[in-house]
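Topology and contacts: notes
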Amino acid sequence: MSAPHEAVLVVDFGSQTAQLIARRVREARVYCEIHPPARFAEAASRLRPKGVILSGGPASVYESGAPSLDRDSVLGLRVPILGICYGMQWLTGALGGKVVPGTAREFGRSPLDVTGPSPLLEGIPASSVVWMSHGDRVERLPEGFRTFARSGNCAHAAVVDGTGRLFGVLFHPEVTHTERGRDVFRNFLFRVCGLAGDWTAASVIEQAIEEVRAKVGDGEVVMGLSGGVDSAVASLLIHRAIGPRLHAVFVDNGLLRKGEREEVERTFRSSFHLDLTVLDARARFLDRLRDVVDPEEKRKRIGAEFVAAFRDATSRFPRAKFLGQGTLYPDVIESVSAWGGATSMIKSHHNVGGLPPDMPFTLVEPLRLLFKDEVREIGRALGLPESIVARQPFPGPGLAVRLLGSVTEERLQVLREADAIVVEEIERARAHDGLWQYFAILLPVSTVGVMGDARTYENVIALRVVASEDGMTADWVYLSRDLLGRISNRIINEVRGVNRVVLDVSSKPPATIEWE
C-alpha cells in the first residue's frame, strides 16, 4: 500500500510489540508501516513520513551486531522522532550519550513520575503506572537533552532534546498496561508531529481499489473466499476494482464449522452476486492430514493442498493469473521475522508461510497492511451485513488447529458439534458483546467419567473465550457460572464421545489465542 497524505514510519528493532505501536498509531487515524533498519531508506523515501518511531528490542545497543540505523539518514529527515526502550537507548547513544547495563532491571508495572513539562506527556498525571521491560539504562544523556520523567529504578525514563523534536521513553506506551499510553502516542502524533489524522475507511477503500486495478490490469483474479470477514472484505474490494473478472472459489476442506458451507453459498451468491465456485475437497484434505499431529506440519500441508485445490478449481479460468487472499497485518507479523527484521517468529499462517514456491498465481492482498478492526470498519463502509462484519475470527487451517492430535472425520464431527453449542449458547445469552473469540478445542486425551452408572473413557473439550482489541494481546474471560454450566451440560449430553469440559484461563501472552 503506497503512502496516503500523512504517514509515520515505525522502525522495528526486533520488538514483539512493534505491531502494537502500529496499532496505536492507526487507531489515531494516522497511517504507518513497520520496517526493519535495513529497509529504512527505501521506506522513508516512499512514505515521506511526518514522524519516526523507533521500537524496543531484545538486544543491547552496546553489543556487537546490535540493530542500528544510519544516524544521519534518520536525523536528515528533520521530522520528530520517538524512541521507545531500545529505540530510546539507540537514539541517545547515537547522539553521544552513554548506555550501560542496569544495576536494577525493570520488568512489569512501574510508577512514573513526571518531573518537567513536555508536549509528549501533556495531560498525563504527575504520577501514573507504565510498563517497563529493560535491563539497560541511559547513564549519560547527549548534550542538549533533558529529562522530564523518571521511575523508581530509572533516572531518565523520558527525555527530549533541545529542539523539542527528539524524544525517548524507556517505558512501553504501546501496551495496555501503561495507563495513559494512548495519550502518549496521540501527543506525539498531534502535538509534536502536527498531524491531522486523515486516514479513514473511505480513503483506504479508494486507495485499495486503485492499487488492485494497477496490479491486475486487464487480468482476472481467483479469490479464496472462506466466508469470514477478511476474505469477504477482500472480495468486495477486488470486485469493486475489476467487476466480473473476479472469480470467487470456496474450498470445502472438511475443516469448517457447522453449517458454514451452506451459509457461504446462500450469502455470497444471493446477496452479493459473486461468481462463486464451490469445490468439495473434503476427502483430499483429510487424506493429506492423515496421521499428522505437528501443528506447523498441519498448516503447511493445508496451505499446499489449498493451492493444489485452487489449481483444479481455476482450470476453467485460463486468464486468471492472480490469487486474491484476505491476509491481514498480524498474519504477516506472526508468520515471519517482522519485515525481515529481528522479531522472533511465532507461527506460520496458511495464507503466508505455507504456500509452495511454485504457486502459479501472483498474490493480490488488499488487506495485507490492515488490522482486524480496520477491516471490519471497511466492511461496514462497503455495506457488508453485521452478521459477517462482526463474525469472530476463524483460522485459515480451520478446525485442524483446534483439534489437537490427528485429524479424522470422527474427531472433526465431535469438535464441530461442541463448537456449535459454544457459539449458540454464548450468542443466545448475548454474552458475546466485547468478546474477540469463543470456541471449542478437542484435546488429544481421554478421561474417566460415569454415565448411567457405567464407566466411560472419553474425550475432553476445552473452552477458549477471550477479549481483545486487535488479536495481538488477549485476556481470558470468565463467563457466568450459569452459562458455563449450560454449555458444559449440553456438550456432555448432546455430543457423543465427550465426558468432560474444561476452561482455558490463560492470556496472550504468554499463550496464544489458538492452541496450535
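All figures in this text were calculated on a predicted structure; none of them were measured in a lab.

**As for a nonpolar patch on the surface**
Taken together, Trp476, Tyr478 and Val505 make up a surface patch of nonpolar side chains, about 310 Å² in accessible area. Secondary-structure assignment places Trp476 in strand E17 (residues 475–476). Note on Trp476: relative accessible area 34%, which makes it partly exposed.

**Some remarks on the confidence of the model for the chain**
Averaged over every residue, the pLDDT of the chain is 88; the share at 70 or more is 93%. Here helix H11 (residues 329–335) stands out as the element of the chain with the lowest mean pLDDT, 65, in contrast to strand E3 (residues 51–54), whose mean of 98 is the highest.

**A few points about the pattern of salt bridges**
In this structure the tally under the stated criterion is 41 salt bridges. Salt-bridge contacts for Arg180 lead to Asp183; the nearest nitrogen and oxygen are separated by 2.5 Å. Of the residues examined, Arg180 reaches a relative accessible area of 29% and is grouped as partly exposed.

**Some details on the environment of Pro318**
Within the secondary structure layout, Pro318 lies in the loop between helix H10 (295–313) and strand E13 (320–324). C-alpha separation for the pair Pro318 and Glu220, spaced 98 residues apart in sequence, amounts to 8.9 Å.

**Digging into the pairing of strand E8 (residues 154–160)**
The element E8 is largely enclosed, with a buried count of six among its seven residues. In this structure, strand E7 (residues 146–151) lies alongside E8, joined through four bridges in antiparallel fashion. Its bridge partner being in E8, Thr147 is matched across the sheet by Val159. Counted between consecutive antiparallel strands, the loop separating E7 from E8 contains two residues.

**Concerning the sheet that holds strand E11 (residues 246–252)**
Read across the open sheet, the five strands follow the order E12-E11-E10-E13-E14; overall the sheet is parallel. Where the open sheet ends on each side, the last strands, each with one partner, are strand E12 (276–280) and strand E14 (362–364). For this sheet, the mean angle separating the axes of adjacent strands, direction not counted, is 30 degrees. Taken strand by strand, helix H7 (residues 229–242) contacts strand E10 (220–224), E11, E13 and E14, and its axis lies near 165 degrees from that of E10.

**Topic: the environment of Glu263**
With respect to the helices and strands, Glu263 occurs in helix H8 (residues 260–271). Along the chain, Glu263 and Arg319 lie 56 residues apart, while their C-alpha atoms are 29 Å from each other.

**Remarks on the nonpolar core**
Among the nonpolar cores identified, the biggest contains 110 residues, and Ile53, Leu54, Leu82, Val233 and Phe268 are the most heavily contacted of them. Of the residues forming this core, the biggest block, nine residues, is contributed by H7. Counting 47 residues, the second largest nonpolar core, distinct from the first, contains Val251, Ile302, Phe317 and Leu484.

**Digging into the packing of helix H6 (residues 201–216) against helix H12 (residues 372–381)**
Look at H6 against H12: their axes get within 9 Å of each other, and the N-to-C directions meet at 85 degrees. If you check the angle between H6 and H12, you find them roughly perpendicular. Touching Ala201, Val204 and Ile205 of H6 are Glu377, Ile378 and Ala381, all from H12. The residue makeup of the contact of H6 with H12, split by class, is five nonpolar, no polar and one charged.

**A word on helix H5 (residues 181–192)**
If you check H5, its first and last C-alpha atoms are 15 Å apart, about what twelve residues at 1.5 Å a residue would give, namely 16 Å. What H5 keeps buried is the set Gly181, Val184, Phe185, Asn187, Phe188, Leu189 and Val192. Buried residues in H5 make contact with strand E1 (8–11), helix H1 (18–27), E3, strand E4 (81–84) and strand E9 (166–169). Backbone geometry just downstream of H5 places Gly194 in the positive-phi region, at approximately 70 degrees.

The rules behind these values
Residues numbered from 1 in each chain as written. Predicted model: local features only at pLDDT ≥ 70, side-chain atom pairs only at ≥ 80, totals over all residues. Heavy atoms only, no water. Patch = residues over 30% accessible without salt bridge, like charges linked within 9 Å, V, L, I, M, F, W, Y side chains within 5 Å. Areas by Shrake-Rupley, 256 points an atom, 1.4 Å probe, with all protein chains shown as cover. Salt bridge = Lys/Arg side-chain N within 4 Å of Asp/Glu carboxyl O. Helix = DSSP H or I, 4+ residues; strand = E, 2+ residues; numbered from the N terminus. Buried < 20%, exposed > 50% of the residue type's maximum accessible area, 1.4 Å probe, protein only. pLDDT = per-residue confidence, 0-100. Pairing = 2+ DSSP bridges. Axes fitted to C-alpha atoms, helices over the stretch in contact; angles between N-to-C directions. Contact = heavy atoms within 4.5 Å. Core = buried A, V, L, I, M, F, W, Y, C linked by side-chain atoms within 4.5 Å. Parallel < 35°, antiparallel > 145°, perpendicular 65-115°, else oblique. Nonpolar A, V, L, I, M, F, W, Y, C, P; charged D, E, K, R; others polar. Expected span 1.5 Å × (residues − 1).

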